[in-house]
Amino acid sequence: MSQTPGAVIQLDGVSKFFGGVVAVSDVSFTIGPGLTALLGPNGAGKSTVMRMLCGLAKPSRGTVRLLGRDPRGDPSVLRDIGLVPQQEAVPEVISGLSFVSLGARLSKVAQPDVAARRAIETVDLDPDDPRPLRAYSKGMRQRIKVAAALVHDPRVMVLDEPLEGLDPRQRRHMIDVFTSLAKDGRTVVVSSHVLDEVERFGSRVLVMAKGRLAAEGDFRLIRDLMDDRPHRLRIGSNDPRALAAGLVSVGAVVGVTIGAQSMVVDTVDVAAFRRSVTRVAKSAGVHLTEVVPLDDDLESVFRYLVGGR
Amino acid sequence: MKAVTALIARTQLTRGRVLTLLAVSGLSLLFAVGIAAGDAGGSKFLDTISMIDGFALTVAAPVVALVLASAAFGDLVDDGTLVYLWLRPVPRWQLAAGAAAASVGTALPIVVIPVTAAAAIGSGFDSTAIVATAAATTVAVIGYAGLFLALGLKIRRALIWGLAYILIWEGFVSRGVAGAAKLSIQVHARTILARLAETELPRNPSAELTAFAVPIVVGVVAAALTARWLRTTEVA
C-alpha cells in the first residue's frame, strides 16, 4: 500500500470478521492532522475501526498504517498513540496520579510525575486526590482516561466516546481540549453519539453504517452531494401563501408546508432556490423575514446516511 | 517493569483473595499442630513430610498459584484494563516478566511462609524438613505461576481449567500413567522434598537436578509463551 501524502492514518480495504459476523467491511480512508469525527449508530463498527487503528485488533483483510507504520507489527508506533477506550474500566486500586504516571513511565516520559500532574490538571481533575479510581464518578473516570491518553504527548489521539458520562460543562471543556490538541498539529479522531457536540469539533466526519464507510469529508459538502434528497428550508414572511404560490409556479420547490408566519419548503437545488425566492418575493410584494436551512446540520446528514430519517 | 509488577500485584491482592488463600495455606499449620500434639513417637518427621507432600504440594501451592497467576492478566482481560498496559511502547516480554514477577512474588509468601512454618512445627523444628519444604514449595510455586499466568491470558475461565488441570493431570494422570510423572510439577516438587528430607516418598522418579530444573523451565517457557501471546492477542 502506498502512503498517501499528508496521511497520518491510512486504512486500505480493511475488513474485520468475528466468526461469521462482519464487523467492518472493506473500509478505506485516510486521516490527516486535525480533528476528525467518526460517527455511526451502535454496531456500525466504529470501535472496531478504532481498535484496529491502534493495533489492538488485527484486520481480517486489508492494511492499516499509522504514521506509515503497522500499529500491530511495529510496537514503536505505540509511542505516538493516545487512546481513550470505550470501556469505563480503569485500574480500581490505584489513584489517578498513579494511573497516569504509570502510563508516562511506560511511555518513557522524562519526568513522569510532572507530566502526569500536568495531564490531570488539563482535564480539570486534582492530581493530589488520594482516592483510588474505584471511588471516581463516571465523568471523573472518563477524564482520567483522557489524561492517561495525552500524558506522553502523542501525535495521534484516538478517542472512543470520550464525552460519555460528562456533564455539559465538562463536555465543553473536553471539546476545547481536543480542538486545542488538533490546532497544535496533532491528529485527533473522536467517535461520539452526541452529534450536536461533535458539530463543534469541526466539519470533517467519517460516517459508518453497518460496518461500511457511508461517507467521509465535510458534512456540509456531503449534504450538498445528496441530490437524491431535497433540501428543507424554513422561509419566514408576512404572506406565506402568496410566496408559496409564486415559488411553486416557477418550479423552485418540490414541496411546501404553510404555517401562519412561515413555511417549510423542499427543494432539490438550494442555490437556484435562493436566487428565485428573492425574485418571487419581490414580484409578489412579500416581505421576507428569514431563510433558514433545516437539514444541513450534522444530525440531519447523519440520519440520512444511516438510513434512519 | 517494576511499575507493571506493582500494578499487577495490587490488582491480584484483593482482600478476599488474600484471606482465602492464607486460610488455605494456613490449614497446613493446623495439620502440623495436630502432628506435633499427637503421640506418634519418632514418626513426627515422616508425618510432617507426608503432610507437606499430601497437602502443601498437592493443594496449597497449585491452588494459590492458580488463583493469583491466572488473575495477573486474566483480571485485566476480564475488566478491559489490559489495554492500558498493552498500548504502551513496552516490549511484550517485559509485560510478561512483570506479571510473572508479581505472580511469584505474591504467591510465594502466601504459600511458603505458612507451609514452612508448618513443617517446622510438625517436625519439631527439624532443619532438614524446613529446608526441604521451603525448597519444594518455592520450586512448585514458580512452575505453577508461569503455567497459570499463560493460562490466564489465553483462556477465559482459567480458574476452572486450572483446577481441572490440577485435579486431572497433577492428581490423577501423573500418578497413574508412566511417563506423565516427568511432566508433572507436583512430582518434581515431591522429588525435591524427598531428596532434601532424605526420605522416601512414592512417585519421585527424577534426579534432584532435574527436579529443580523442570518446574523452573516450565515456568520460564510458559512466561515466554505469555509474551508471545501478548504480541498476537487481540485486546478489547
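Just so it is clear, the structure is predicted and the values come from calculations on it, not from any experiment. One numbering rule holds for all chains: residues counted from 1, following each sequence as written. Chain letters and ligand numbers both follow the written order, the letters beginning at A and the numbers at 1. Given that the model is predicted, a residue must reach a pLDDT of at least 70 before its local features are reported, and side-chain atom pairs must reach 80 or more before they are shown or counted; all residues, however, enter totals for whole chains, interfaces and linings.

(A) Region of interest: unusual backbone geometry. All names here are of chain B. Despite not being glycine, Phe125 has its phi angle at roughly 60°, a positive value. A positive phi angle, close to 55°, is found at Arg157, a residue other than glycine. Relative to the assigned elements, Arg157 resides in the loop between helix H6 (127-154) and helix H7 (158-176). For Arg157, a count of 13 C-beta atoms within 10 Å corresponds to the partly exposed category. The helix count covers DSSP runs of H or I at least four residues long, the strand count covers runs of E at least two residues long, and both are numbered beginning at the N terminus. Exposure in this text rests on C-beta crowding, where 20 or more other C-beta atoms within 10 Å of a residue's own make it buried, 12 or fewer make it exposed, and counts in between make it partly exposed. The C-beta atoms are placed from the backbone.

(B) Just helix H1 (residues 46-53) of chain A, in detail. Residues and elements named next belong to chain A. In terms of residue burial, H1 counts as a mostly covered element, since 8 of its 8 residues are buried. Residues of H1 that are buried: Lys46, Ser47, Thr48, Val49, Met50, Arg51, Met52 and Leu53. Just past H1, the residue Gly55 takes up positive phi, approximately 85°.

(C) Local environment of the interface of chain A and chain B. Each residue gets a C-beta atom placed from its backbone, and two residues are in contact if those atoms lie within 7 Å. Across the contact, 23 residues belong to chain A and 16 residues belong to chain B. For the side of chain A that touches chain B, the element with the most residues is helix H2 (residues 96-106) of chain A, which contributes 4 residues.

(D) Geometry of the environment of Ser137 of chain A. Residues and elements named next belong to chain A. Looking at the secondary structure, you find Ser137 in the loop between helix H3 (112-122) and helix H4 (138-150). You can call Ser137 exposed: it has 10 C-beta atoms within 10 Å. Separated by 28 residues in the primary sequence, Ser137 and Gly165 have C-alpha atoms spaced 8.7 Å apart.

(E) Just the sheet that holds strand S5 (residues 81-84) of chain A, in detail. All names here are of chain A. Any two strands are treated as partners once DSSP identifies two or more bridges connecting them. Read across the open sheet, the 6 strands follow the order S5-S6-S7-S3-S8-S9; overall the sheet is mixed. Since the sheet does not close on itself, it has two edges, and those belong to S5 and strand S9 (212-218), each with one partner. Going from strand to strand, the sheet's axes swing by 15° on average, the running direction of each strand aside. Where S5 lies against strand S6 (residues 156-160), 4 bridges are found, and the strand directions are parallel. Note that in S6 the partner of Leu83 across the bridge is Val158. Against the sheet, H4 engages S5 and S6, with an angle of about 170° to S5. Orientation is described by axes fitted as lines to C-alpha atoms, over the contacting stretch for helices, and by angles from 0 to 180 degrees between their N-to-C directions.

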